[in-house]
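# Tertiary structure, described
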Amino acid sequence: MSPAVSKINSQLSAFTFIAKLWQNEAVSSNGLPLTANSISIFGRFQILKSFRNDNLTQYLNIERGKHERTIVISEYYGSSLNETSNKNIQYENILKIFYQCMTGLSFIHNNDIVHHNLEPSNVLIDEWHNVKLFNYGFYYMTRGDEDCEEYVTFPIGSNIRYIAPERILGNNGNPKSDVWSLGMIIAELVFGISLWTNLKFPIIARKILSYCTTTGSVLEKIARDHNCLEVYNNLNSDFKDLLESCLAVESKNRPTCHEILNSSIFIHHQESIAFKVHKKGIRELAPMERLEISQIYYLWQLTGGDVHSELKKEGLIRSEAPILTVPRLVLLQSSKSMPNYKSQSSLFDQRVVILNTKNLSDRLALIPKRAFYPLLHCPRLPYNFGAEMRNLPLVIRERNIEYQFYRVVLFSRLLKGYPYTRDLIIEEAKKDIPPFLRGKIWAALLNVIPTGRYEKVDKVTPNQTDRQIEVDIPRCHQYDELLSSPTGHYKLKRLLKAWVTSHPQYVYWQGLDSLTAPFLVTNFNDEETAFLSLYNFIPKYLHNFFLKDNSIIIKEYLTKFSQLVTFHEPALSKHLNTISFIPELFAIPWVLTMFSHVFPLHKILHLWDRLLIGDSSYPLFIGVAILKQLKSTLREAGFNECILLFSDLPDIIMDTCVIAADEMYEKTPKSICHRKHVWRTEELEIFDITNIELSDIQKEISPRISANNLIYLLKEKPNQVVVFDLRPQNDYKRWHIRGSINLPYTNLMLSDRRLESINVERNTLQDKVVVVISVSHDNASLFADFLVDCEISMVSILHNSINTLHSILPSNLFGT
Amino acid sequence: MFFEENSVIEDKAKKDFDQLDAELIDKFRKNEINVDEIVKNLEKIYKDEILECSDKNCPSDDQIFAQCYHQLVHSSSLQEILVKEQDYAPKISSLVLKMEKELSSLNEMHQEVMDTKINLLDVETTPDDINDLLKQQYSSSNLMRKQFESELEAKRGHQKNEYREWVTSRMSQKFLDSPTTAIGNKSSMFPNIHKTADRREESFTIHLGSQLKSTHNIRILSADIIDLCSPLVNENSESMINGNIQLGIYSSSLCGVVCLVPSASAFQVMANQKIIRNASLSTEFHFSQIDEQLDQIQHDLKSSGETRLKPGDFFITKHSNLSQCHLIFHLVCDDSTNEMNSRHPCIMGLRSILKVANRYDCTQLTIPALLKNEMSEEMTLSWCMRRAELVLKCTKGFMIESSSTGSELSTLQLLLPADISEELFTSISQMIPSIFRVANTKFL
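Residues numbered from 1 in each chain as written. Chains lettered and ligands numbered in written order. Predicted model: local features only at pLDDT ≥ 70, side-chain atom pairs only at ≥ 80, totals over all residues. Heavy atoms only, no water.

Looking at an unreviewed UniProt entry, chain B carries the name Macro domain-containing protein, with the source organism given as Chironomus riparius.

By the naming in an unreviewed UniProt entry, chain A is TBC domain-containing protein kinase-like protein, taken from Chironomus riparius.

In structure tokens:
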């Protein structure tokens, strides 16, 4: 059997328009600049991407260009009704078209969206007369919620022939206006005609209006106009009644989509008129057909697909030299500018361009067939496609079509099995997270399981935090198109209010907005997942930070941060201490927003990709990594320079930062990061760090290590640990840890702050965890300080004195 | 999941569309709706906004020429074009100089005659005689000016036609001969500043925005605004024009200069005389001559319904024959108020200029940082610092504001009067890093 090569019905397409430009406007009511209309459209468009219905083409993306240029990318299917011959479509098939259009319409009406753009060019059919409606969200995306504020200057529904009389008179928004338009389209099919081909615009408009003032059937009048009375008279009476009711002059007499779908005509033929395509066997499918259209679009972009240039090639984006249209005179008060050129290139051009996917299909053809359907639990067959690319830099992996293909296919599979595949998801996420599925993967990492209960959380009732929320939202990552759109503002507000109402024990702290933003942008159409991600994120990383009095928690966190800086960067820490540049001065917004307030979103996403895999201590290491990256500047800077430097964080290279954080995170024993105020899932036991107060650790420059961790190191990684035992020689002789170095405290002359003074070679301490043990904790502390002064890294003090150790030390670790 | 359910459903008023439609149709049936107007408006909006319904216009001559020229100037023909323009310029400038010279000697002569007459007043001559003489002198000098001007106009017209024809023919020839080289849409952005001895300048790279930062350049310099609008082909220098202005005319990176003008009398617009002269020294091949442009603007003003230009209003002239700008924003600035705040009309005018600049891809803009053309007695050091701070801070705000709409200013030039003191220049340029965020070094 040879694979059949048939035409692929679904294709990528794009169209473009220019949003309304603000004239020399004032500022908006809250004193902030007015939102560009293309941004408002951008926000409203998003929900359309989530629509899935057999009778609707799928919206894929929206892009903005210069000067309010807006481009919408959508699925295109088969060919449009006005390209196919109207004549001789069989009754059965007309019924099919009618029914499927109605199904599509009914779907959008149920979602509170009206089409208002229904005309034959937007009805797409395939060879079996299956229908998909195209660009059904145009009216919705270009109109605001309040008073149907218009974001574009041109009317929607560019073919007057199909516009319902009430719309011509100026009433918009009634779903039943769409029923009229569809009625007109079906009438054309039934009569095998094109409406009023030779009439001019005003005549057509008047004709439609004239139906309102005369009585009698509109359908009959149309038939008369086009010499089809005979066909009209011979129509199946049920069908005729239905079609005539669609063309009722008064909308109240028109049925709704729902009513039409339930009419007997359709019920009787249900089998034959439903959407059905010839299902191909898996072997017959072309590579592109094995993927979802949204995946195709994503991969198309990675193959260098550029919708701007495709539109330019087809002449849909034409640029005129700007100097030719500059006004001559601009008056301030009347905000008039003269002359007002309206160039031809800014008019709405309704042509649709099919995007060229040859590059993509060529690339996909090279991918082994098995990679389209990876088998996860079949050890015989590998599913780690693309493993050889794993060591390339992240930016390259993210732009590599093959690599992203493997990752997207793999994660799509894994997510289908979630939550049962959570462990595998974590393992794969450690390698990297494909941007295409980030929101869902994050949610999986955070153990989110949507239950529908978010729906029932109060996001509406006004309360005292509203004012602060209102102030913060229009200042939260406003360079981002999603977050600066009115839809984004609306959603962010709902999320914040929902979080506040579901946490009566906490308060809204500024910064919660920044913290929520990454979850909103990655789950823009799925508020519940965004909410639950935030809901689970906060206890994991910011337990109790949102208490009304969070000072103890913050103090503890920052003290631990200082200790970790000392642990990994002793020299830097020493310098910062000397100039009194303490973390309180710069690190609070880092912590409270998990860096989401200090970095632009694209960096936060990469940062959090790693953060979400680590535990509650991971953010501390990011903080250290940032300091590490700035080390050379910081070490030479004084207090003022440091303040200045951190008031506007310089360009941090996220990749390097994350790698450094990872490295330190791996090297650091868990108990080093011990904090009391952490949300624990497991109880601590006696040989972990317990009973330690903020006042204790505030005194200590170096962190403590637990007995458990020390024993683990001694057993598993003996080469990575050095133990200094400060007890007197006699005690040491009685028992000691094998390989530990005895430096009786009483013999030490710590006034000489050089390593040579204690006869220890620097390179024996390189890259090792240094543990100081003593009977007296204070002595241990003083010696640790000495080591830090000598710029030894990874210095720690054993928590509780050495005596605890004796009881649990395995016998083979005793030295003789 | 711990949170409690406490559902409050947001209620959105559902419109009763059927009812609204019924009322509307009813009104229509009762003839309460003007159908003619509705249909007319509808037709107009379809015609004005939807390409398919619009009257298809052919591109204008200017657009065709713009395209030709832009392609040609970005091909190997650049040099040829420059030589051509270089050759044309002296013919006009010499005539202008001749006119100025002859007019001034005529005026001198008139003055002499007049002086002698006045000395003999009440002896030999009557006031009427003097008036007659005045009239006569005026008309003769006017005649002379008119003659020169018509000659100039003819010459310029001739040059312009010849030049434009030449460009078009060059282009079609090129089209036949060989494919043109790749066309960049950006002109190279090295402004051709002729270094003069006393000129001071300093440059900064700045970032705007709190999390995502955009990068811009700021250059502060002290110079006479006329230097930025000097004739492209220098009358007494043999040096070649470097072509930056030509490369950029039809590009999407235009250069603009804000020039302060006083508010003139009713229905008048007044531009800087020296700039007008500079622009008249050679033929404007791409746009109307500057005086025609100004006439057109006066005409616009009349039809705007306003009687005179107020502070904050501005008019724009287009140029292809000045050294450093394609666009001049002539901002009406009221000198009477010495104290300004951020709501002052001149500042608002500046905001408006930045918006227009943004919208029409003017990516390099020069603004007078003190909103003064030259130094004067009352401009004390502290006054200047206050004024500069105001202008800088407001400009920063406007730049942030307009950066949200996409295209943005890449270079902002802050112009200080040429006669500013060294000390003041330094103090003001030191202000820049404190107001704008100067780029930190990048850490690798």
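From this point, things continue past the structure.
Regarding its fold elements, chain A presents 36 helices and 14 strands. Split into buried and exposed, the 816 residues of chain A put 59% on the buried side. Pairs at least 24 residues apart make up 74% of the contacts formed inside chain A by residues separated by at least 6 positions. The average position of the 87 basic charges and that of the 87 acidic charges among the side chains of chain A differ by 2 Å. (Helix = DSSP H or I, 4+ residues; strand = E, 2+ residues; numbered from the N terminus. Buried < 20%, exposed > 50% of the residue type's maximum accessible area, 1.4 Å probe, protein only. Contact = heavy atoms within 4.5 Å. Lys, Arg positive; Asp, Glu negative; His and termini not counted. Charge placed at Lys NZ, Arg CZ, Asp CG, Glu CD.)

The next thing to look at is the overall build of chain B. Along the backbone of chain B there are 12 helices and 8 strands. Across the 444 residues of chain B, 49% fall into the buried class. Put simply, of all contacts in chain B between residues at least 6 apart along the chain, 76% involve residues at least 24 apart. For chain B, the exposed surface amounts to about 22500 Å²; the carbon and sulfur share of it is 52%. (Areas by Shrake-Rupley, 256 points an atom, 1.4 Å probe, with all protein chains shown as cover.)

With that settled, consider the domain arrangement of chain B. For an interface, size is often stated in terms of accessible area lost upon the parts coming together. All names here are of chain B. Along its sequence, chain B is carved into domain 1 (21-53), domain 2 (76-177) and domain 3 (200-438). The centre of domain 2, based on its C-alpha atoms, is set 29 Å off from the matching centre of domain 3. Contact with domain 2, which involves 18 residues of that partner, is made by 21 residues of domain 3. Buried surface at the junction of domain 2 and domain 3, both sides included, amounts to about 1700 Å², of which 61% is carbon and sulfur. The interface formed by domain 2 and domain 3 contains 1 salt bridge. For the salt bridge of Arg277 with Glu100, the shortest nitrogen-to-oxygen distance reads 2.7 Å. Applying the counting criterion to the domain 2 and domain 3 interface returns 7 residue pairs in polar contact (both at pLDDT 80 or more). (Domains from an automatic or database assignment. Buried area = accessible area lost by both parts, 1.4 Å probe. Salt bridge = Lys/Arg side-chain N within 4 Å of Asp/Glu carboxyl O. Polar contact = N/O pair within 3.5 Å; in protein donor to acceptor, adjacent residues only side chain to side chain.)

For the rest of this paragraph, the subject is the sheet that holds strand E1 (residues 200-208) of chain B. Strand order in this open sheet of 10 strands is E8(A)-E7(A)-E4(B)-E5(B)-E3(B)-E6(B)-E7(B)-E2(B)-E1(B)-E8(B), and the pairing throughout is mixed. Of all the strands in the sheet, just strand E8 (336-338) of chain A together with strand E8 (437-438) of chain B have a single pairing partner and so form its edges. (Pairing = 2+ DSSP bridges.)

What follows deals with the domain arrangement of chain A. Partitioning chain A into domains gives domain 1 (9-77 + 288-321 + 341-362), domain 2 (79-135 + 155-278), domain 3 (367-445), domain 4 (454-542), domain 5 (551-668) and domain 6 (694-813). Once you take the C-alpha centre of each, domain 1 of chain A and domain 5 of chain A turn out to be 40 Å apart.

The next point concerns the nonpolar core. Grouped together as the largest cluster of nonpolar side chains are 256 residues, with contacts concentrated most on A:Phe537 and A:Trp590. Setting aside residues no more than four positions away along its own chain, A:Phe537 makes contact with A:Leu446, A:Leu515, A:Phe519, A:Leu542, A:Met594, A:Trp608, A:Leu611 and A:Leu612. (Core = buried A, V, L, I, M, F, W, Y, C linked by side-chain atoms within 4.5 Å.)

The next thing to look at is the interface of chain A and chain B. Between chain A and chain B, the residue contacts involve 97 residues of the former and 91 residues of the latter. Of the roughly 8500 Å² buried where chain A meets chain B, counting both sides, 59% is carbon and sulfur surface. Looking at the side of chain A facing chain B, the largest losses of area belong to A:Ile323, A:Arg328 and A:Leu332, adding up to 9% of the total buried there. A salt bridge links A:Arg328 to B:Asp300; the shortest N-O distance between them is 2.6 Å. For the pair chain A and chain B, the number of links is 27 residue pairs in polar contact (both at pLDDT 80 or more). Looking at the side of chain A that touches chain B, the element that brings in the most residues is helix H6 (residues 201-213) of chain A, giving 7 residues. Taken together, the residues of the side of chain A that touches chain B sort by class into 48 nonpolar, 28 polar and 21 charged. (Nonpolar A, V, L, I, M, F, W, Y, C, P; charged D, E, K, R; others polar.)

A separate point is the sheet that holds strand E13 (residues 769-773) of chain A. Residue and element names in this part refer to chain A. One open sheet holds the 5 strands; their spatial order is E10-E14-E13-E11-E12, and the pairing between them is parallel. Looking at strand neighbours, the two that pair on one side only are strand E10 (704-705) and strand E12 (741-742), the edges of this open sheet. Pairing between E13 and strand E14 (residues 795-798): 3 bridges, direction parallel. Bridging from a neighbouring strand, Val771 pairs with Ser796 of E14. The sheet strands contacting helix H35 (residues 777-789) are E10, strand E11 (721-725), E13 and E14, and the helix crosses E14 at an angle near 175 degrees. (Axes fitted to C-alpha atoms, helices over the stretch in contact; angles between N-to-C directions.)

Strand E2 (residues 59-64) of chain A sits mainly inside the fold: 6 of its 6 residues count as buried. Hairpin geometry of E2(A) and strand E3 (residues 69-77) of chain A is characterised by an intervening segment of 4 residues between the two adjacent antiparallel strands and by a positive phi of about 50 degrees at A:His67.

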